[in-house]
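Structural features, examined
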Amino acid sequence: MTYTSSTVRVPDVAAVPRHIAIIMDGNGRWATQRRLPRVAGHTRGVEAVRTVVEACARCGVEYLTLFAFSSENWRRPNDEVSFLMRLFVTALEREVGKLHANGIRLRVVGDLAMFDKRIQDLIKRAETKTARNTRLTLTIAANYGGRWDIMQASRKLAEEAVQAGHAAEISEASFTQHLALAYAPEPDLFIRTGGEQRISNFLLWQMAYTELYFTDIFWPDFDGAALGQAIASYAERERRFGRTSAQLEPQVQNADSLPC
Ligand code: FPP
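Owing to the predicted nature of the structure, the values given are computational and were not obtained by experimental measurement.

Strand S1 (residues 19-23) sits mainly inside the fold: five of its five residues count as buried. Of the two faces of S1, the one carrying His19, Ala21 and Ile23 and the one carrying Ile20 and Ile22 are both buried. The pairing of S1 with strand S2 (residues 63-70) spans five bridges and is parallel. Considered in S2, the bridge of Ile20 is made with Leu64. Across four bridges, S1 lies against strand S5 (residues 189-192) in parallel orientation. When the bridges of S5 are listed, Ala21 appears paired with Phe190.

And the structure:
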């Protein structure tokens, strides 16, 4: 299935977003407030991931993309980086069976060559095991950066052109096919927890028409109710994709009748 860019075709819109992308921020501050080491916030963050994945599957969200580790996160202290890697491995080992049993497909996107072989093998096995599941696609962005994604897609297009011996026909359609999330529609809703209001090199190309939602809640405290509030806020937005209000069909979205 290939999806068209929102700048080429207006996508169908429903009250529940098909694709939610989240920057899970505030783990460190959550822990510091409780006089705990920062990494305790990451451990609690994994529990919030579990809660939000379950809530999305229940609500009929089809794609959930979580920013677990950015290409810039290597700048953190070494022990925090190694802790995050270990947490990632443990979560993969422990949770994949449950994801599979619940019909969830797992994908991991990012420059995975930077991770050690054991992590890369675990990722491959988890992706293969869950490949045919259709209820929800959970994408973990790991060593991911929006600019990296745009560059690697450009490089692939250029390689095709070199092989073909002439400049490939470059269009939004051919470009988006090479992006890391080519299998997913563009995010309808972007959520960032932890109070900051920025995109931090997440899905730069894909968020051209995404609705943005920022909350002060720290990620470990983000639960089903908080997700429900974000979705209710989304349901009240008027998504015009460049058109005027008067051109839109009457909005049938009603926050009171949402399934979550
Ligand atoms: C940002 O909080 C969070 C991270 C850089 C890591 C997120 C990782 C997890 C939630 C756990 C692992 C996830 C999976 C999918 C296994 P921060 O440390 O920047 O918090 P701060 O802004 O309060 O310092």
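Past the structure itself, the notes keep going.
What follows concerns the nonpolar core. Among the nonpolar cores identified, the biggest contains 48 residues, and Ile20, Ile22, Leu64, Leu138 and Ile191 are the most heavily contacted of them. Residue contributions to this core peak at eight residues, all from helix H3 (residues 78-101). Setting aside residues up to four positions removed in sequence, Leu138 forms contacts with Val53, Leu64, Leu66, Leu99, Ile104, Arg105, Leu106 and Arg107. Listed in part, the 16 residues of the second largest apolar core include Tyr3, Ala21, Ala180 and Leu181.

Turning our eyes to something else, we now look at the pairing of strand S4 (residues 136-144). In terms of residue burial, S4 counts as a mostly covered element, since nine of its nine residues are buried. Two elements, S2 and S4, share seven bridges in a ladder whose sense is parallel. Each bridged residue has a counterpart across the sheet, and for Phe69 the counterpart in S4 is Ala142. In terms of strand pairing, strand S3 (residues 104-109) meets S4 through six bridges, oriented parallel. Considered in S4, the bridge of Arg105 is made with Thr137.

Let us now look at the site of the ligand. In the vicinity of the ligand there are 19 residues, among which Asp25, Gly28, Arg29, Arg38 and Arg76 approach most closely. In the environment of the ligand, an oxygen atom lies 3.0 Å from a nitrogen or oxygen atom belonging to the backbone of Gly28. The contact in question runs from an oxygen atom of the ligand to an N or O atom on the side chain of Arg38, over 2.8 Å. Within the complex, the protein chains bury 90% of what would otherwise be the 620 Å² of accessible surface of the ligand. Among the secondary structure elements, those contributing two or more residues to the shell around the ligand are helix H1 (27-33), helix H2 (38-59) and H3. Its residues assigned to classes, the shell around the ligand comprises nine nonpolar, six polar and four charged.

With that settled, the discussion passes to helix H5 (residues 146-164). For H5, built from 19 residues, the straight-helix expectation of 27 Å at 1.5 Å per residue is met to within 8% by its first-to-last C-alpha distance of 27 Å. Buried residues in H5 make contact with S4 and helix H6 (172-176).

One pass over the full model with this rule turns up zero disulfides. Here Cys56 is not cross-linked by a disulfide; its sulfur's nearest cysteine counterpart is in Cys59, at 6.5 Å.

A word on helix H7 (residues 224-235). For H7, with twelve residues, the first-to-last C-alpha span of 16 Å sits near the 16 Å given by 1.5 Å per residue. Taken together, the buried positions of H7 are occupied by Ala226, Leu227, Gly228, Ala230, Ile231, Tyr234 and Ala235. Looking at the packing, one finds that the buried side of H7 touches S1, H2, S5 and strand S6 (211-214). Backbone nitrogen of Ala225 and a side-chain oxygen of the N-cap are separated by 3.2 Å at the start of H7; the cap is Asp223.

Moving on to the pattern of salt bridges. Inspection of every chain in the model, using the stated rule, returns 16 salt bridges. A salt bridge links Arg118 to Glu93; the nearest nitrogen and oxygen atoms lie 2.8 Å apart. Taken as a pair, Arg118 in helix H4 (residues 117-130) and Glu93 in helix H3 lie far apart in primary sequence, 25 residues in all. Taken together, the shared-partner salt bridges in this structure form one network comprising Asp25, Arg29, Arg192, Glu196 and Arg198.

Rules and cut-offs
Residues numbered from 1 in each chain as written. Predicted model: local features only at pLDDT ≥ 70, side-chain atom pairs only at ≥ 80, totals over all residues. Heavy atoms only, no water. Buried < 20%, exposed > 50% of the residue type's maximum accessible area, 1.4 Å probe, protein only. Helix = DSSP H or I, 4+ residues; strand = E, 2+ residues; numbered from the N terminus. Pairing = 2+ DSSP bridges. Core = buried A, V, L, I, M, F, W, Y, C linked by side-chain atoms within 4.5 Å. Contact = heavy atoms within 4.5 Å. Near = heavy atom within 4 Å. Polar contact = N/O pair within 3.5 Å; in protein donor to acceptor, adjacent residues only side chain to side chain. Areas by Shrake-Rupley, 256 points an atom, 1.4 Å probe, with all protein chains shown as cover. Nonpolar A, V, L, I, M, F, W, Y, C, P; charged D, E, K, R; others polar. Expected span 1.5 Å × (residues − 1). Disulfide = S-S within 2.5 Å. Salt bridge = Lys/Arg side-chain N within 4 Å of Asp/Glu carboxyl O.

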